Structure formats: structure tokens, C-alpha cells
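Below, each chain spelled out in residue letters.
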Amino acid sequence: MDIKRKKQVSEWAVKTVMWISMSIVFLLVFSVIWTIFSKGCKAMSWSMLTKLPTAGTYLGGEGGFPNAIVGSLYIVGASTVLGLLVSIPVVFYLNVYLKTSSKLAYWLRLACDVLFGVPSIVYGAFGFTIMIFFGLRTSLLGGIIVITMLIIPIFIRTMDEATRNFPREILDASYALGATRWETLKVVVRQIAPGIATATLLSIGRAIGDAASVMFTAGYTDSIPTSLSQPAATLPLAVFFQLTSPIPEVVDRAYAAALVLTIIVLILSISGRFITNRFSKNKL
Amino acid sequence: MVKDKLAQSVMLGLCLFSILMVVTIAVGLYLKSSPVLENKSLWSLLSSSEWRPMKGEFGFFPFIIGTVWVTVLAIAMAFPISLFTAIYLTEYAKSHVKKFVFPALDILAGLPSVIYGVWGVLVIVPWISNRFAPHFVDFSSGYTILAAGIVLGIMVIPLLVSLFIEVFSSVPMELREASLALGATRWQTTHKVVLRKTLSGVAAATVLAVSRAMGETIAVLMVCGCVIGIPKSILDPGYPIPALIANNYGEMLSMPLYESALMFAALILFAVVLVFNLLSRIILYRLEKTQQ
């Protein structure tokens, strides 16, 4: 076989392999979504979303998982707000106060990347020991603390990536008008708003789906928590605990909870893409 | 001006706090696991297979082996798929193809681990039990290392693809153009220029994916079978370290040494993930710098 032909054959072979790889990826996405939706839609009913579990619920009785939905929303809502409060100043400091060659900035980015890689079960175990140390029991507060720790590195790194491409001239313009760096923060926040939005969506997705970290810290309960010191149920745990039950009605509840969780995550990921596409068009 | 100074110190404080969090986790886990470390030597903890918490025997070997098996399988499956997908997306694909692939990857990346667990229990486990395993063994429940490996492999694909894309885009366009101008095909350019130039980056990305796979808990816990013992083949059940921690955390509070042993498990996980992450991130940062 001459060289030219060999070249073409290998080109063709590689292209086939690539197409196969991509089809596998699509097939997987389709399979996962299809499985969750087909099982979940069959199991879904209005009472699943509205009726609190009762004593007989785990033996096949009536009831759904609004406790888990509300618990998840409480935890995710509170930790997102806390996460934003911590990470916006950090990102701002990183990109406005520090020079790009700064050692502190390097170590901070490295620390966040490392924290991002720490398994959530380690956060869970560590958070639990801290709670014991402060005399807290499994509670809504514990869940909020751990999830906040979990999402802060994601917040910082995603926003940091968005801020890094942001034109430095705007800073100079703001300083030239006599603004302090603190006042310039307002300009920066407005500029990187889409970045903050995507980071928030990403963090919410991560926070709402994480089971390993809230397992020991937020616990699980059948009622909706009314104070920070009460345990709170979460959606991933509602799926996890009920899936292994031998009773079909209980397993159905797990499927329905999985469907709710998937829909939430899908909405988050689609709107994240939308924001990125929408705003990257008019970027300078 | 006072406000500016105040804001500056608050922000500096928050930054230091973030950096210190890594140290705090390490120290906290070490302090908690020190009772079991005083009781047993590090080597015997890592190499013994005796796991009898009630008698104070803590051998982590079966769990370490379980983690290694599952992780290796997952990476072996995810690596080729991710590599070729990433090459296609950076070197070949037109923008309208990317419009379909990126959202698909977004969805894969965003799905929580418990959803992959449900999918594994409903799809992969029955497939192994009914279709795959009967060719090799008499009976398998399907809850095996293989199932955990497959589920985990799928979970790391989006991470690997996005890291590979980042790595490949660090190669300057001029190098590709030079190669193409000499008459090389796209694939020749890819493997002789792009891949050769980014070998360290590809390795770093893979190490990062390994560390992510090792720590994954819920999905693996749901399909791995959780039987303590050293697996002989991928059709045996396994028991990785994260699953061990998650399964036993509630019940160990009455026994200080047991709690300490589980904290030691978390410490092993943290230490390995920390080292892997530091190494690969530093390599990736260097790569990013050469690009600018």
C-alpha cells in the first residue's frame, strides 16, 4: 500500500472511532434521561409532591416527599447566598487588588482547585466532626454549613474564569473618575454578572444533587424543618433511601423523587448554557 | 478611603480562609484518626484484610483494592471515549456539531451522582446479571465492581472531555497550520503535533479524573455490592473506601476507635486526592502559562 493510501485509511479509521465515541456519549445521555423519565413519570402523582409522609408511608402507605423538596430548597438557597457572600469579594480581590503574577493569587487558585477535587464524602465526614466539636446534632444548619463549604471553591473558580477575560481598561476608567477600588466593585459586578449567574447555576446544581455530604450533617426526617436546629430531608437522600426498599410503592417514590431532581438539574444546565451563549455574543 | 482599607482586609481574610480550609480539613481528619494510628501501625492498617470493628481489627486492604479496581475500570472505559470526543471537538468538528455535543456533555456533567446510581441499578445491574455475567460465571447479582466501574466511567467522561479540550486548545493554531501545510492529514497533525505537545497535559487531566473517580460515593455505593473481601474478578462485588464511610458512619458513634478508623479512611482518601490534584493542577497551570 502506498503512503498516500495509508494516510487516507488511517484518517478514515480515526474518524470512525471518533464518531463511535460521540455516539456512545449521546447514547448514554439518552439512556440515563430516558430511564429516569420513563420510571419517574409512571410513578409521579400530585400527592407525591404535596402529601407529607406518615407513619405507614414506608410500608407502602400514602404520602410523598415534599419534606425532601423543601429541605433541599432550604439548604441550597441558604448555602448559595452564603457562598456568594464569601466568593464575590474573594474573586474581586483576586482580580482587582492582586497583580496577575501574585503568589497569593496562584496559591488561592490552586487551593480552590484542590478543594473542588475533594470528595464530598470527605466534606461530609469533616463537617460532621466539626458539628460534634461545636455540640451540634444533625440539623438544617449542619447541612447548610457543609454545602456552603462544598460550593465556595466552585463559585470562586467559575467566577474567576469569567472575570479574568474582563477588560482591565474599565478598571482604569473607574479609577480615573476618582472611584476607590471598593466603589469599582460595583462596575466589576455589573460587567461579570453573566459569569456570576452561570457560576450560581452550576453551584446550585452541584449543591442540590450532593448526597454524600448531607447524609451525616443534615440527616433525614419526615417533617418539614421549622428551625435551623432540626434535621432536614433532601432529594438525593429521598431517592437513595427509598430505592432499596422491597415495597414497590416506596420504590416508586424514589423514582418520582429522582425525576424531580433530574428536571431541576436539567433546567439549571440548559439555562446555564443559554446565559453563556446569549452573553458571549456581545462580549468585547 | 477607610471603607476601602476595611474592605481590603476583609477580602484578604476571606482569601486566607479559603486557603486555610485545605489545611484545616487535613489537620482535623488527622487529629480524629490519631487514636487508631496510635493503636496500630500505619502499615498494618493499610495491608491487613481483617475488618472486625467490634474486636478492634481494622484492615483497610480490601477497601483499598476495591477502590483501585473500580477506579482503574472507570478510567479505562472513559479515557478512549473522552479522548476521541475531545479530539473531534477541537480538531474536526464544525460549530453546528458542537452546538449539539456541548449541551449533551453539560447534562452528563450536571446530573447528580444519585441519578447515575438509579440508572446503574435499573440498567447496568440487570444487564450484567442477565446478559453479561452468565457467559463467565454461574451466577452474579449484577452488583459488581464492573457495574461500579461502568457507572463511574460515565460520570467522569464530561470532566475528562472538558479538561482535554482545554489542554488541546492550548496548542497554538500556527503549529497545526504548519503541519497541514506540509501535507499532513488532520489525524497526522493531531497525533504528531497536538498530542505530542500536550502529553503532560493529557496525563495531568487523567490523574485529575482518577482522583475524582476515587472519591465518588453514592453512585458507587448503590451498585458495587458492598461485600467485604478481596475481589477475584470484576464480576465480584467490591467495597470502595467512600462506600465504607457512607455505610457505617451513623452506627460508629458509640465506639471511639471505630469512628477514628473511618476518619482514617477519609484521611487516606483526602491525602491521595490532595497529592493527585496538586500534581496535575501544577502541570495544567504551566501549560496554560505557555499558551499566553
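Just so you know, these numbers come straight off a predicted model, no measurement behind them.

Cut-offs used in this document
Residues numbered from 1 in each chain as written. Chains lettered and ligands numbered in written order. Predicted model: local features only at pLDDT ≥ 70, side-chain atom pairs only at ≥ 80, totals over all residues. Heavy atoms only, no water. Core = buried A, V, L, I, M, F, W, Y, C linked by side-chain atoms within 4.5 Å. Buried < 20%, exposed > 50% of the residue type's maximum accessible area, 1.4 Å probe, protein only. Domains from an automatic or database assignment. Contact = heavy atoms within 4.5 Å. Helix = DSSP H or I, 4+ residues; strand = E, 2+ residues; numbered from the N terminus. Buried area = accessible area lost by both parts, 1.4 Å probe. Salt bridge = Lys/Arg side-chain N within 4 Å of Asp/Glu carboxyl O. Nonpolar A, V, L, I, M, F, W, Y, C, P; charged D, E, K, R; others polar. Polar contact = N/O pair within 3.5 Å; in protein donor to acceptor, adjacent residues only side chain to side chain.

J.: Residues and numbers for the nonpolar core, please.
T.: Residues Phe65 of chain A together with Phe60, Tyr116, Phe168, Ile218 and Met222 of chain B are the most contacted members of the largest nonpolar core, which totals 184 residues. Both domains that furnish three or more residues to this core are identified here as domain 1 (3–43) and domain 2 (57–281) of chain A. Setting aside chain neighbours within four positions, we find Phe168 of chain B in contact with Leu83, Ala86, Ile87, Thr90, Glu91, Arg176, Val194, Leu195, Thr198 and Val202 of chain B.

J.: Describe in detail the environment of Thr217 of chain B, supporting the description with residues and values.
T.: Following the sequence through the fold, Thr217 of chain B ends up in the loop between α9 (199–215) and α10 (218–223). Its relative accessible area of 2% is what places Thr217 of chain B among the buried residues. In the structure, Thr217 of chain B is positioned 24 residues away from Ile241 of chain B in sequence and 8.6 Å away in space, judged by C-alpha atoms. Not counting chain neighbours up to four residues away, the residues in contact with Thr217 of chain B comprise Ile121 and Ala212 of chain A together with Pro242, Ala243 and Ala246 of chain B.

J.: I'd like a rundown of the domain arrangement of chain A, residues and numbers included.
T.: Residues and elements named next belong to chain A. Domain annotation of chain A identifies domain 1 (3–43) and domain 2 (57–281). Between domain 1 and domain 2 the total buried area reaches about 640 Å² when both faces are included, carbon and sulfur atoms providing 88% of it. Of all residues in domain 1, the largest losses of buried area upon contact with domain 2 belong to Ile36, Phe37 and Ala43, amounting jointly to 58% of the total for that side. Our enumeration of links across domain 1 and domain 2 arrives at zero salt bridges. When the residues that make up the side of domain 1 that touches domain 2 are grouped by side-chain class, the tally is five nonpolar, one polar and one charged.

J.: Please give an account of the pattern of salt bridges that cites residues and values.
T.: The full count for this structure, using the stated rule, is nine salt bridges over all chains. Asp160 of chain A is the salt-bridge partner of Arg157 of chain A, the closest N and O atoms lying 2.8 Å from each other. Here the residue Arg157 of chain A and the residue Asp160 of chain A both occupy positions in helix α6 (residues 140–164), the gap between them amounting to three residues, near one helical turn. Taken as a pair, Arg157 of chain A and Asp160 of chain A share a single burial class, namely buried. The partner of Glu91 of chain B in a salt bridge is Arg176 of chain B, and the shortest N-O contact between them spans 2.7 Å. Here Glu91 of chain B is found in helix α3 (residues 61–92), whereas its partner Arg176 of chain B is found in helix α7 (residues 173–181), with 85 residues between them in sequence.

J.: Describe in detail the interface of chain A and chain B, supporting the description with residues and values.
T.: Counting residues at the interface gives 72 residues for chain A, matched by 80 residues for chain B. The residue Asp106 of chain B makes a salt bridge to Arg273 of chain A at a minimum N-O spacing of 2.6 Å. Inspection of the region where chain A meets chain B yields nine residue pairs in polar contact (both at pLDDT 80 or more). Ranked by residues supplied to the side of chain A that touches chain B, first place goes to helix α1 (residues 3–43) of chain A with 21 residues. Broken down by class, the residue content of the side of chain A that touches chain B amounts to 52 nonpolar, 10 polar and 10 charged.

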